[in-house]
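# Summary of structural features
Listed below, chain by chain, are the residues.
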Amino acid sequence: MEMTKRLLFLDDIRYPVEAYHYTKQDIFLRKDWHIVRNYEQFVNRIMEKGLPELISFDHDLADVHYLKPNANEYTEKTGYDCAKWLVEYCMDNYLDLPKFYCHSMNPVGKKNILSLLENFEQL
């Protein structure tokens, strides 16, 4: 029987073990991560399987974020969009937020995701 993947790793390129190298968080060494690469996969996974035990967020989910200096031009959704969707999903369904972590190397994006989720948690 396959172990249900209870950890959700949102990142367009990295794998959990790579996040371990710079975060030193042992959770990234676990084998039960399900990896989603973009907003659509993130939403679909939660809609199909329900909330995981923990979600680790990356912020920049497409190369375009590294190439264009003007943030307003992005059409690709970011980890922040995923976090916003998650908050709305939990509110609409009267669910508690799962545990969360942000392994993004984008300091501004990371701060935005964490403050959004932490503020919702305190409601």
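Throughout what follows, the structure given in this document is the object of discussion. As the structure is a computational prediction, the values presented were derived from the model and not from experiment.

## Details of the sheet that holds strand 2 (residues 33-36)
Strands sit in the order 2-1-3-4 across an open sheet of four strands; the sheet is parallel. What marks the edges here is a single partner per strand, and that holds for strand 2 and strand 4 (99-102). Neighbour-to-neighbour, the strand axes of this sheet turn through a mean angle of 20 degrees, independent of strand direction. Where helix 4 (residues 79-92) meets the sheet, it contacts strand 1 (7-10) and strand 3 (54-57), and its direction lies at approximately 150 degrees from that of strand 3.

## Structural notes on the pairing of strand 1
Covered by surrounding structure in strand 1 are Leu7 and Phe9 together with Leu8 and Leu10, the residues of both alternating faces. Note: strand 1 against strand 2, four bridges, orientation parallel. Looking across to strand 2, one finds that leucine 8 is bridged to histidine 34. The handedness of the strand 1 to strand 2 crossover, carried by helix 1 (residues 16-23), is right-handed. Pairing geometry for strand 1 and strand 3, over four bridges, is parallel. Looking at the pairing, leucine 10 lines up with phenylalanine 57 of strand 3.

## Digging into the nonpolar core
Formed by 24 residues in total, the largest nonpolar core has its most connected members in Phe42, Ile46, Phe57, Leu86 and Leu117. Every element with two or more residues in this core is listed here: strand 1, helix 2 (39-49), strand 3, helix 4, strand 4 and helix 5 (107-121). A total of seven residues in this core trace back to one element, the largest contributor, which is helix 4. If sequence neighbours within four positions are ignored, phenylalanine 42 has contacts with Leu8, Leu10, Val36, Ile55, Phe57, Cys82, Trp85 and Leu86. Among the nonpolar cores identified, the runner-up in size contains six residues, and Leu7, Ala19, Phe28 and Leu54 belong to it.

## A short note on the packing of aromatic side chains
The final tally for this structure, using the stated rule, is seven aromatic pairs. With a centroid separation of 6.1 Å and an interplanar angle of 80 degrees, the aromatic rings of phenylalanine 42 and tryptophan 85 are classed as edge-to-face. Taken together, the positions of phenylalanine 42 in helix 2 and tryptophan 85 in helix 4 put the pair 43 residues apart, joining distant regions of the chain. Each member of the pair, phenylalanine 42 together with tryptophan 85, is buried. Their ring planes at 20 degrees and their centres at 4.9 Å tell us that tryptophan 85 and tyrosine 89 sit as a pair that is stacked.

## So, helix 4
When the terminal C-alpha atoms of helix 4 are compared, their 20 Å separation across 14 residues agrees well with the 20 Å that a helix rising 1.5 Å per residue should span. Where helix 4 is concerned, the buried positions are Gly79, Cys82, Ala83, Trp85, Leu86, Val87, Tyr89 and Cys90. Elements that come into contact with the buried residues of helix 4 comprise strand 1, helix 2, strand 3 and helix 5. Where helix 4 begins, one side-chain oxygen reaches toward the backbone nitrogen of tyrosine 80, 3.1 Å away; that side chain belongs to threonine 78.

## Quick word on helix 1
Think of an α-helix as 3.6 residues a turn; residues three or four steps apart then line up on the same face. For helix 1, the complete set of buried residues consists of Pro16, Ala19 and Thr23. Buried residues of helix 1, seen end-on, are gathered within an arc of 55 degrees and therefore sit on one face of the element. The inward-facing, buried residues of helix 1 abut strand 1, strand 2 and strand 4. Once helix 1 finishes, lysine 24 follows within two positions and takes phi at roughly 60 degrees, a positive value.

Conventions adopted
- Residues numbered from 1 in each chain as written.
- Predicted model: local features only at pLDDT ≥ 70, side-chain atom pairs only at ≥ 80, totals over all residues.
- Heavy atoms only, no water.
- Pairing = 2+ DSSP bridges.
- Helix = DSSP H or I, 4+ residues; strand = E, 2+ residues; numbered from the N terminus.
- Axes fitted to C-alpha atoms, helices over the stretch in contact; angles between N-to-C directions.
- Contact = heavy atoms within 4.5 Å.
- Buried < 20%, exposed > 50% of the residue type's maximum accessible area, 1.4 Å probe, protein only.
- Right-handed = clockwise from strand over helix to strand, strands pointing away.
- Core = buried A, V, L, I, M, F, W, Y, C linked by side-chain atoms within 4.5 Å.
- Phe/Tyr/Trp six-rings, centres within 6.5 Å; stacked < 30°, edge-to-face > 60°.
- Expected span 1.5 Å × (residues − 1).
- Polar contact = N/O pair within 3.5 Å; in protein donor to acceptor, adjacent residues only side chain to side chain.
- Arc of directions from axis to C-beta.

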